[in-house]
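Observations on chain architecture
Below are the chains, spelled out letter by letter.
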Amino acid sequence: NGTDFYVAGFDAGWEIDIFGGIRRAVEAADADIDANTADLADVMVSLAAEIGQNYLEARTYQARLDVAEANIEAQEATYDLIRSRYRAGLSDELAVQQARYNLENTRSQLPTLRTGLAAAKNRLAVLTGQAPGAVHDLLAERRPIPVPPVEVAVGVPAETLRRRPDIRRAERELAAQTARVGAAVADLYPRFRLIGSIGLESFESGDFFLSSSRYWSIGPSVAWNVFDAGAIRNNIAAQTAVEEQFRLAYESAVLNALEEVENALTAYAEEQLRRERLLEAVDAARKAV
């Protein structure tokens with residue numbers, strides 16, 4: 001005859017983290033989260049930069065169109081004047097054709113400029129999560145090109161570098177791998193756990209919830225991979241080699257950041273000087289006209 005047996009309960013275990021293996025694993029997980037957060041920040045910075053760049057391109061194309069249209073108007077007047085002089089016998093045909101060449105050459109720039117303007121607007125729409133053409137009306141009114149400040153607050157160089165998401169990501173990846181090395185070293189030592197269980201068991205369903213059906217147990221447990229010491233040491237060596245790779249990657253990220261920041265600051269300062277010269281050239285050209 002079959003015998004019914006009713007049982008319900010749960011088991012639990014708590015590891016005493018004497019040698020820090022669990023703590024190091026938690027540190028590695030936290031550092032991985034920080035690295036992923038830095039990745040997100042890197043994407044957001046790149047997105048903001050690309051939006052700003054395409055907005056500047058859109059306004060630049062609009063300014064170039066204004067210049068081209070003004071040149072066309074002036075060259076049309078010049079062409080009409082020279083053609084009238086030619087008909088009156090005061091000029092030769094060479095001057096007429098040269099004026100016509102200048103006019104048509106300037107007119108040929110308009111399609112290229114309109115194409116570039118449309119591409120910049122479409123790119124802005126896509127970058128802001130909209131369909132191409134969605135911002136055309138918003139940017140239809142022509143406005144001047146934004147001019148950045150002459151001086152840029154850089155601050156302490158070390159803090160400036162730490163604000164870069166790529167530096168933070170490389171630093172957190174190195175920290176995570178360093179913690180994994182510590183977790184691998186902890187595998188060389190024994191693990192101590194307290195395990196217990198509690199529940200109900202009976203042969204009759206009516207007796208299941210009686211106090212006599214209760215059971216519980218608690219006791220220590222020790223685990224030590226003594227015979228896997230060679231494999232554990234190999235894993236430590238492998239994790240240490242990976243840590244060295246992340247350290248070199250971190251150093252490379254810092255050096256690349258220093259190079260990019262230095263080049264950017266130099267280019268920014270030189271472009272300010274170039275802009276001043278161009279403004280003087282514009283003033284001289286206006287006086288010449």
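Okay, so let's go over this structure. For clarity, every value in this text was computed on a predicted model and none was experimentally measured. (Residues numbered from 1 in each chain as written. Predicted model: local features only at pLDDT ≥ 70, side-chain atom pairs only at ≥ 80, totals over all residues. Heavy atoms only, no water.)

1. Side note on the packing of helix α2 (residues 93-107) against helix α3 (residues 109-127)
It is the contact of α2 with α3, at a shortest axis distance of 4 Å, that shows an interaxial angle of 15°. As judged from the angle between their axes, α2 and α3 are roughly parallel. Residues Asn105, Thr106 and Arg107 of α2 form the contact with α3, whose own contacting residues are Gln109, Leu110 and Pro111. Looking at the contact of α2 with α3 residue by residue, the classes come out as two nonpolar, three polar and one charged. (Axes fitted to C-alpha atoms, helices over the stretch in contact; angles between N-to-C directions. Helix = DSSP H or I, 4+ residues; strand = E, 2+ residues; numbered from the N terminus. Parallel < 35°, antiparallel > 145°, perpendicular 65-115°, else oblique. Contact = heavy atoms within 4.5 Å. Nonpolar A, V, L, I, M, F, W, Y, C, P; charged D, E, K, R; others polar.)

2. Quick notes on the packing of aromatic side chains
In this structure the tally under the stated criterion is one aromatic pair. Arranged with centres 4.7 Å apart and planes meeting at 20°, the rings of Phe19 and Tyr189 form a pair that is stacked. Placement of Phe19 in the loop between β1 (6-16) and α1 (21-87) and of Tyr189 in the loop between α5 (165-186) and β2 (191-202) is noted, with a sequence separation of 170 residues between them. Overall, the relative accessible area of 37% leaves Tyr189 in the partly exposed class. (Phe/Tyr/Trp six-rings, centres within 6.5 Å; stacked < 30°, edge-to-face > 60°. Buried < 20%, exposed > 50% of the residue type's maximum accessible area, 1.4 Å probe, protein only.)

3. Looking at the packing of α1 against α5
Where α1 contacts α5, the axes come no closer than 8 Å and their chain directions differ by 165°. Judged by the inter-axis angle, α1 sits roughly antiparallel to α5. Here α1 runs over α5; the crossing is left-handed. Grouping the constituent residues of the contact of α1 with α5 by class yields 13 nonpolar, three polar and 12 charged. (Left-handed = near helix turned anticlockwise from the far one by under 90°.)

4. Focus on the environment of Arg168
Within the secondary structure, Arg168 is located in helix α5. Separated by 22 residues in the primary sequence, Arg168 and Pro190 have C-alpha atoms spaced 35 Å apart. Those residues in contact with Arg168 that sit more than four places away from it in its chain are Ala38, Ala41, Arg162 and Arg163.

5. Notes on the nonpolar core
Most often, soluble globular proteins keep nonpolar side chains buried together rather than apart. With 13 residues, the main nonpolar core has Leu65, Tyr79 and Leu110 as its most contacted residues. Contributions of two or more residues to this core are made by α1, α2 and α3. No other element matches the six residues that α1 contributes to this core. The residues touching Leu65, leaving out its near neighbours within four places in the chain, are Leu110, Leu113, Arg114, Leu117 and Arg142. Leu161, Ala170, Ala253 and Ala257 belong to the second-largest nonpolar core, a separate cluster that totals six residues. (Core = buried A, V, L, I, M, F, W, Y, C linked by side-chain atoms within 4.5 Å.)

6. Some words on the pairing of strand β3 (residues 214-223)
Every other side chain in a regular strand lies on the same face of the sheet, so the side chains alternate between the two faces. Here β3 lies mainly on the outside; one of its 10 residues are buried. With 10 bridges joining them, β2 and β3 adopt antiparallel strand pairing. Pairing of Ser197 across the sheet is with Ser217, part of β3. (Pairing = 2+ DSSP bridges.)

7. Focus: the pattern of salt bridges
Under the criterion given, the structure shown has 23 salt bridges. Note that Arg191 and Glu15 form a salt bridge whose closest N and O atoms lie 3.8 Å from each other. In this pair, Arg191 sits in strand β2 while Glu15 sits in strand β1, placing the two residues 176 residues apart along the sequence. Note that Asp66 is salt-bridged to Arg142, the shortest N-O span being 2.3 Å. On the criterion of sequence distance, the pair formed by Asp66 in helix α1 and Arg142 in the loop between α3 and α4 (157-162) is long-range, its members being 76 residues apart. Since its relative accessible area comes to 36%, Asp66 is described here as partly exposed. Overlapping salt bridges, with partners in common, bring together Glu15, Asp187 and Arg191 in one network. (Salt bridge = Lys/Arg side-chain N within 4 Å of Asp/Glu carboxyl O.)

8. Quick notes on the sheet that holds β2
Strand order in the open sheet formed by three strands is β1-β2-β3, and the pairing between neighbours is antiparallel. Pairing within the sheet leaves two strands with one partner each, and these edge strands are β1 and β3. Recorded for the sheet is a direction-independent mean angle of 15° between the axes of neighbouring strands.

9. Considering the pairing of β2
With 11 bridges connecting them, β1 and β2 associate as antiparallel partners. Looking at the pairing, Phe10 lines up with Ile198 of β2.

10. A short note on the environment of Gln75
You can see Gln75 is positioned in helix α1. The partly exposed category is assigned to Gln75, whose relative accessible area is 21%. Along the sequence, Gln75 and Ile33 sit 42 residues apart, while their C-alpha atoms lie 62 Å from each other. There is a polar contact of 2.8 Å between the side chain of Gln75 and the side chain of Thr106. (Polar contact = N/O pair within 3.5 Å; in protein donor to acceptor, adjacent residues only side chain to side chain.)

Purely spatial values, then, with no claim about function.
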